[in-house]
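So the chains spell out like this:
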Amino acid sequence: MDIGIDLGTANTLLYVRGQGIVLNEPSVVAVKAGARHALAVGTEAKETIGRTPGSITAIRPLKDGVISDFEAAEEMIRHFVRKAVPGRRPRTRMVICVPSGVTQVERRAIVHASQRAGARAVHLVEEPMAAAIGAGLPVAEPRGSMIVDIGGGTSEVAVISLGGIVTAQSLRVGGDRLDTAITDYVRREHSLLVGERTAEDVKVAIGSAWPVPGEDAFEMRTFTVRGREKVGGLPKTVELTVREVRAALDEPVEAIIAAVRATLEECPPELSGDVMEHGIVLTGGGALLPGLDLRLASATGIPVFVADDPLDSVALGCGKCVEDFDGLERVMSAA
C-alpha cells in the first residue's frame with residue numbers, strides 16, 4: 001500500500017495509489033487531560049476549537065509546517081491512514097511533503113512519527129517541487145519554472161529546472177499568519193477580542209490583497225464580527241470593511257512579496273528570462289486570496305497565474321510521486 005501525505009499546518013490530505021485523494025481534513029487533534037488517546041481528530045476536532053472545557057484541549061500538531069507536538073502528530077497520522085484505508089495495510093510506504101526550509105532534526109521527527117504510525121518506508125519530498133508537479137509545470141525540462149505555494153503555516157517560493165530546485169525561499173508566513181493579522185487588527189483598532197475561527201471567516205468572506213477590477217460590489221461588502229471587549233469583557237459587535245481587512249493583511253502579504261523578490265534576485269539570468277516569459281504560478285490556500293496575483297504581478301512586473309486546483313496541488317504532486325514510487329526510490333537512492 002502506497003500513500004502520499006500532504007501534512008499541512010491547516011489541513012492534511014491523503015493520496016492513495018490508484019485511488020487519488022481520499023481524505024482532506026483539518027490538522028487538529030482534541031485530547032483530554034491525562035488521556036493517552038485523542039478524543040477527536042480532523043473535522044470533528046476542529047469544531048471544538050475555542051469551545052472546549054478546561055479538561056479538553058484542541059491541539060494543532062504542526063506549527064509553521066513542522067511537527068510541534070510529536071505524540072499528537074503520530075496519533076493524527078495513524079487516525080487519518082486508518083480512516084482513508086480501513087482494514088489491513090500491509091507494507092505501507094509513504095511519501096510526505098515537507099517545507100523546503102525544514103532542518104534535519106525536523107525531517108527526522110516527521111519520518112519517526114510516520115514510522116510509529118505504521119509506515120514501513122518514508123520518503124520526504126519538498127513542498128514547492130510537489131506543488132509544481134501538481135500544478136502541471138514542466139519541472140523535468142531545462143526551463144525555469146517559478147512556483148509560490150502559500151499554505152497554512154509556510155509559504156514556499158522556488159525556481160525549478162531539470163527536476164531540481166535551483167533557488168528557494170521558505171518563510172513561516174501563511175494562512176495562519178493572515179488570520180493572526182486580522183485578530184491583531186481588530187484588537188488594536190476596535191478593542192475587540194476574537195478567536196482564530198472568526199478571523200478565518202473574515203478572511204474568507206472579505207479578505208483581499210489588492211482591489212480586483214470589476215468587483216465594485218465586493219469592495220462595498222462588510223462583515224459582522226462578534227467577540228469580547230478588550231476592556232470590560234462584555235460581548236461586542238463591530239462591522240469590518242474590505243479596506244480595513246486589506247490593511248490588516250498588508251504586512252504578511254508584503255513578506256510573501258519580499259520572498260518572491262529575493263528568490264528572483266538569486267535566480268540565474270537564463271532562468272529569470274524563462275520566468276519572465278512564462279510567469280509565476282500560485283498554489284496553496286493563500287492563492288485564493290482575491291487580488292494577490294494582481295499585487296504580486298504589480299510588484300514584480302511578471303505575469304502571475306493561479307493554478308487550476310491550488311488547494312490540492314501539493315497533494316496531487318505528491319500523488320504523482322506515489323504512482324511512480326519505484327522510480328522515486330531509485331532517484332532518492334542515487335541522490
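Because the structure is a prediction, the values reported are computed rather than measured.

Caption draft 1: Fine view of the packing of helix H2 (residues 70-84) against helix H3 (residues 104-116). The N-to-C vectors of H2 and H3 enclose an angle of 50 degrees; their axes lie 8 Å apart at closest approach. Classified by the interaxial angle, the pair formed by H2 and H3 is oblique. Every pair of crossing elements has a handedness; the one defined by H2 and H3 is right-handed. Where H2 approaches H3, its residues Phe70, Glu74, Ile77 and Arg78 are matched on the opposing element by Ala109, His112, Ala113, Ser114 and Arg116. The residue inventory of the contact of H2 with H3, partitioned by class, reads 4 nonpolar, 2 polar and 3 charged.

Caption draft 2: Region of interest: the sheet that holds strand E5 (residues 38-41). With antiparallel pairing, the 3 strands of this open sheet are ordered in space as E5-E4-E6. Looking at strand neighbours, the two that pair on one side only are E5 and strand E6 (56-59), the edges of this open sheet. Across this sheet, the average inter-strand angle for adjacent strands is 20 degrees, counted without regard to direction. Alignment of strand E4 (residues 29-32) against E6, held across 4 bridges, turns out to be antiparallel. Counterpart to alanine 30 in the pairing with E6 is alanine 58. Here H2 sits on the sheet and contacts E4, E5 and E6; the angle it forms with E5, its principal contact strand, is near 60 degrees.

Caption draft 3: Structural context of the state of the cysteines. Counting across every chain of the model gives 0 disulfides. Of all cysteine sulfurs in the structure, the one in cysteine 318 sits closest to cysteine 321, which takes part in no disulfide; the separation is 6.2 Å.

Caption draft 4: A look at the domain arrangement of the chain. The domain architecture assigned to the chain consists of domain 1 (2-27 + 62-129 + 313-334), domain 2 (139-173 + 251-308) and domain 3 (175-248). Here the C-alpha centroids of domain 1 and domain 3 sit 34 Å apart.

Caption draft 5: A look at the confidence of the model for the chain. On average, residues of the chain carry a pLDDT of 89, and 93% of them reach 70 or more. Of all secondary-structure elements in the chain, the lowest mean pLDDT belongs to helix H13 (residues 325-334), at 54, while strand E17 (residues 280-283) reaches the highest, 98. Segment residues 331-335 is flagged for pLDDT under 50; beyond a separation of four residues in sequence, or across chains, it makes 2 contacts in the model.

Caption draft 6: Representation of the nonpolar core. By size, the foremost hydrophobic cluster in this structure holds 41 residues, and its most contacted members are Met146, Val148, Leu249, Val253, Val260 and Ile280. Considering each element in turn, this core owes the most residues, 6 residues, to helix H9 (residues 250-266). When we break this core down by domain, the ones giving at least three residues each are domain 2 (139-173 + 251-308) and domain 3 (175-248). For isoleucine 280, the residues in contact, after removing those within four places along its chain, are Met146, Val148, Val260, Val275, Thr300, Ile302, Pro303, Val304 and Phe305. Counting residues in each nonpolar core, the second largest holds 28 residues, with Ile5, Ile67, Ile77 and Leu124 among its members.

Caption draft 7: Region of interest: the pattern of salt bridges. Taken as a whole and assessed by the stated rule, the structure comprises 17 salt bridges. In this structure, arginine 93 engages aspartate 2 in a salt bridge whose closest nitrogen and oxygen atoms are separated by 2.8 Å. Of this pair, arginine 93 sits in strand E9 (residues 93-98) while aspartate 2 sits in strand E1 (residues 2-7), placing them 91 residues apart in sequence. By relative accessible area, which is 12% here, arginine 93 ends up buried. A salt bridge links glutamate 75 to arginine 78; the nearest nitrogen and oxygen atoms lie 3.8 Å apart. A residue pair is termed a helical-turn pair when its members lie 3 or 4 positions apart in one helix, as glutamate 75 and arginine 78 do in helix H2 at 3 residues. For the pair shown, glutamate 75 and arginine 78 are each scored as buried. Three or more residues are tied together by salt bridges with common partners; here these are Glu74, Glu75, Arg78 and Arg116.

Reading the values: rules and limits
- Position labels on residues start from 1 in each chain and follow its written sequence.
- Predicted model: local features are reported for residues with pLDDT of at least 70 only, side-chain atom pairs are reported and counted for 80 or more only, and whole-chain, interface and lining totals are derived from all residues.
- The side-chain values count all of the structure's non-hydrogen atoms but skip hydrogen atoms and water molecules.
- The convention used is that axes are lines fitted to C-alpha atoms, helices contributing only their stretch in contact, and that angles between N-to-C directions extend from 0 to 180 degrees.
- Strands here mean DSSP runs of E at least two residues long; helices mean DSSP runs of H or I at least four residues long; both are numbered from the N terminus.
- For classification, angles of less than 35 degrees are called roughly parallel, those exceeding 145 degrees roughly antiparallel, those between 65 and 115 degrees roughly perpendicular, and all remaining angles oblique.
- Handedness of a crossing is defined here by the sense of rotation of the near helix relative to the far one, left-handed for an anticlockwise turn of less than a right angle and right-handed for a clockwise turn.
- Working rule for contacts: check all heavy atoms of both residues, and any pair within 4.5 Å makes them a contact.
- Residue polarity is assigned by list, with Asp, Glu, Lys and Arg as charged and Ala, Val, Leu, Ile, Met, Phe, Trp, Tyr, Cys and Pro as nonpolar; anything else, Gly included, falls into the polar class.
- By the convention used here, strands pair only if DSSP detects at least 2 bridges between them.
- Only a pair of cysteine sulfur atoms within 2.5 Å qualifies as a disulfide here.
- Domain start and end points were adopted from an automatic or database domain assignment.
- Each residue gets a pLDDT score, which is the predictor's confidence in that residue and runs from 0 to 100.
- Side-chain atoms within 4.5 Å are what join buried Ala, Val, Leu, Ile, Met, Phe, Trp, Tyr and Cys residues into a set we call a nonpolar core.
- A 1.4 Å probe rolled over the protein chains alone gives each residue an accessible area, and that area as a share of the maximum for its type sets the label: buried under 20%, exposed over 50%, partly exposed in between.
- Salt bridge, as used here, is a side-chain nitrogen of Lys or Arg placed within 4 Å of a carboxyl oxygen of Asp or Glu.

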